[in-house]
Structures are given as C-alpha cells and as structure tokens.
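# Geometric and topological summary
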Amino acid sequence: MRNRFLSALVVAAPVLAWSCFCSRFANAETVRGRVTLSDTFENARRFPGYWRVENGSVPVTAVPNAEPPVVLLTGLKGEAPAAKTFSVDIEGFAPNKHTLIVGVGSVVEIRNNDKVPHDLSVPGQEALMPLERLAPGTLRRQKFPVAGAYEIRSAQYPHVGIWVFVVDNPFALPCDPKGNFKISDVPAGRATLKVWARGQLVYEQPVDVQASMKALQIDVASATPADPE
C-alpha cells in the first residue's frame, strides 16, 4: 500500500509541474515589430562639440555608433529580472555602455578610467544619486530600488551619460542592429509600448496584446533636442 502511494506521488509531481507551466503561458502572446530611426540617431553623441581636439587627456577616437533603441512594455505584470551588479567604465570621456536594462534593486558600478574627475549624479533626483566627484581610477556604486528611467550624467561633460532602465517586468529589450524586436510570453491585455533612443523617449503608444495582433512598424522621424542642463 505504501509503495503504491509513493508511486502516485512520483507520477503526480511532474504532471503538476507541467500543469503550472502551461497555465503560466496559456494566454501568453508575442509582440514583435521594427523600429526605424531617422539619420539624426546615427551616432551616440547627443551634444555637439570639438571632438577631435588633441588636449593630452582625451585621445582622438572614431565617432561611436549609436546603440540600438530600447523597447519596453509597461502596465503589465510579470516576473521581474533579478537584481544584479552591472559594471560601466568611463574612458576617453565616454562610457563603454550607454544603456542598461536592470531589475529593481540592481547596482551600477562606475569606474573612472579618465585622467580627470567626473562629477556624477541623476539630475533632478539628487535624493537617489546626489552629485559626487568620481576621481580618476576610483569606483562608485549606485543602487536603483525603484522602477523607472534614469540618466547618470557628468556635470562638467553632459555628453557623458549612462541610461539605466529599471524594470519590474521582463518585457524590455534592445532592438537588434536592424531595429527588429520580439518580446515573447507577454500576457494578453492592454499595455503601453515605449521606445527610447539615444537617451530620449522618442515614441509611445497604447497596444492591445492579443493573439491576432500584427507586427508593429514604428517610424521615428527625428530626435528631440536634448537639454544639457
């Protein structure tokens, strides 16, 4: 009798696990599309300047290509990414990562490899990340406990910016180099689709996530001039 009972438990366990898996994705859909940006987004430099002046501190470097736009679906519930630590190096007056998508509670470590200091903060949210000098060769750690979009900016050099997207669901990702995106396992319902490019919110629209929805074509004509203040 006892052996039969144990056998029933062994068989029931995987059935229960599969049932939970199926119920989790029973109403899951896929949101896909393509983001087309205008020529104003060709490179990652948001501010004009004398970028090729040799001054002993900043080496002459090629103009970096802009990172792909980021697509987010907000207003939906889902398992958020785990909190982790992300590292960013500032060198040649530019961060090696301009955009981060992180879970709530994640930490961003910023190391200054330049020969000059950078006074970093999140402008307008000094209670979260106050202005603080990051000396050459030093490291600063910043935790992000609340979902939202944050820009870490250098006070002296406004083109030195790091965008941190803190998300509370898994429906956020960068587009591929051609602008294509595919967000899987999205629960059916109403959401807001947002597109960020070169540190700016450039597109926003409500979407009704359902099985019959077609691929989205998103055209962004131009960038709104960034405010260096």
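Glancing now at the nonpolar core. The tendency in soluble globular proteins is for nonpolar side chains to be buried as a group. Among the nonpolar cores identified, the biggest contains 22 residues, and V31, L73, F181 and L193 are the most heavily contacted of them. Elements with a contribution of two residues or more to this core: β1 (28-37), β2 (70-74), β12 (180-187), β13 (189-197), β14 (200-209) and β15 (216-220). Tallying contributions element by element places β13 first for this core, with 4 residues. With sequence-adjacent residues up to four places away left out, F181 is seen in contact with V31, R32, G33, R34, V35, V71, L173, C175, L193, L216 and I218.

This part covers the pattern of salt bridges. Scanning the entire structure with this criterion turns up 4 salt bridges. Between E132 and R140 there is a salt bridge, with its nearest N and O atoms 3.9 Å apart. Owing to a relative accessible area of 6%, R140 belongs among the buried residues under this scheme.

Per-residue pLDDT for the protein chain averages 81, and the proportion of residues at 70 or more is 74%. Contacts for the low-pLDDT stretch residues 5-25, under 50 throughout, to residues beyond four places or in other chains number 2 contacts. The model gives residues 225-229 a pLDDT under 50, and that stretch makes 9 contacts with residues more than four places away or in other chains.

The mixed open sheet is built from 3 strands, whose spatial order is β3-β5-β8. This sheet does not close on itself; its edge strands, each paired only once, are β3 (85-90) and β8 (139-144). Looking at each pair of strands side by side, their axes are set apart by 20° on average, direction ignored. Two strands pair when backbone bridges link them, and strand β5 (residues 106-112) and β8 are joined in this way by 6 bridges, in the antiparallel orientation. Across the sheet, residue V107 finds its bridge partner in β8, namely K143.

With that settled, consider the side chain of D114. Mapping D114 onto the fold places it in the loop between β5 and β6 (118-121). We note that D114 is buried and unpaired, the nearest opposite charge coming from K115 at a distance of 8.9 Å. Among the polar contacts listed, one links the side chain of D114 to the backbone nitrogen of G92, at a separation of 2.6 Å. Among the polar contacts made by the side chain of D114, one reaches the side chain of H118 at a distance of 2.8 Å. Not counting chain neighbours up to four residues away, the residues in contact with D114 comprise I90, E91, G92, F93 and P136.

Calculation criteria
Residue numbers restart at each chain and count upward from 1, following the sequence in its written direction. For this predicted model, a pLDDT threshold of at least 70 governs which residues receive local features, and a threshold of 80 or more governs which side-chain atom pairs are given and counted, while totals over whole chains, interfaces and linings are taken from all residues. Remark: hydrogens and water are excluded; side-chain values derive from all non-hydrogen atoms of the structure. Note on terminology: a nonpolar core comprises buried Ala, Val, Leu, Ile, Met, Phe, Trp, Tyr and Cys residues joined through side-chain atoms within 4.5 Å. When a residue's accessible area, from a 1.4 Å probe over protein chains only, is under 20% of the maximum for its type it is buried; when over 50% it is exposed; and in between it is partly exposed. Secondary structure is summarised from DSSP: a helix means a run of H or I of at least four residues, a strand means a run of E of at least two, and numbering begins at the N terminus for each. The contact criterion used throughout is that any non-hydrogen atoms of two residues lie within 4.5 Å. Within this document, salt bridges are pairs made up of a side-chain nitrogen of Lys or Arg and a carboxyl oxygen of Asp or Glu, the two lying within 4 Å of each other. pLDDT measures how confident the predictor is about each residue, on a scale from 0 to 100. Strand pairing requires that DSSP identify at least two bridges connecting the strands. Fitted lines through C-alpha atoms give the axes, limited to the stretch in contact for helices. The angle between two N-to-C directions lies from 0 to 180 degrees. By the counting scheme adopted, Arg and Lys are positive, Glu and Asp are negative, and His together with the chain ends is not counted. What qualifies as a polar contact is a pair of N or O atoms within 3.5 Å, subject to a donor-acceptor requirement within protein and to the restriction that residues adjacent in sequence count only when both atoms come from side chains.

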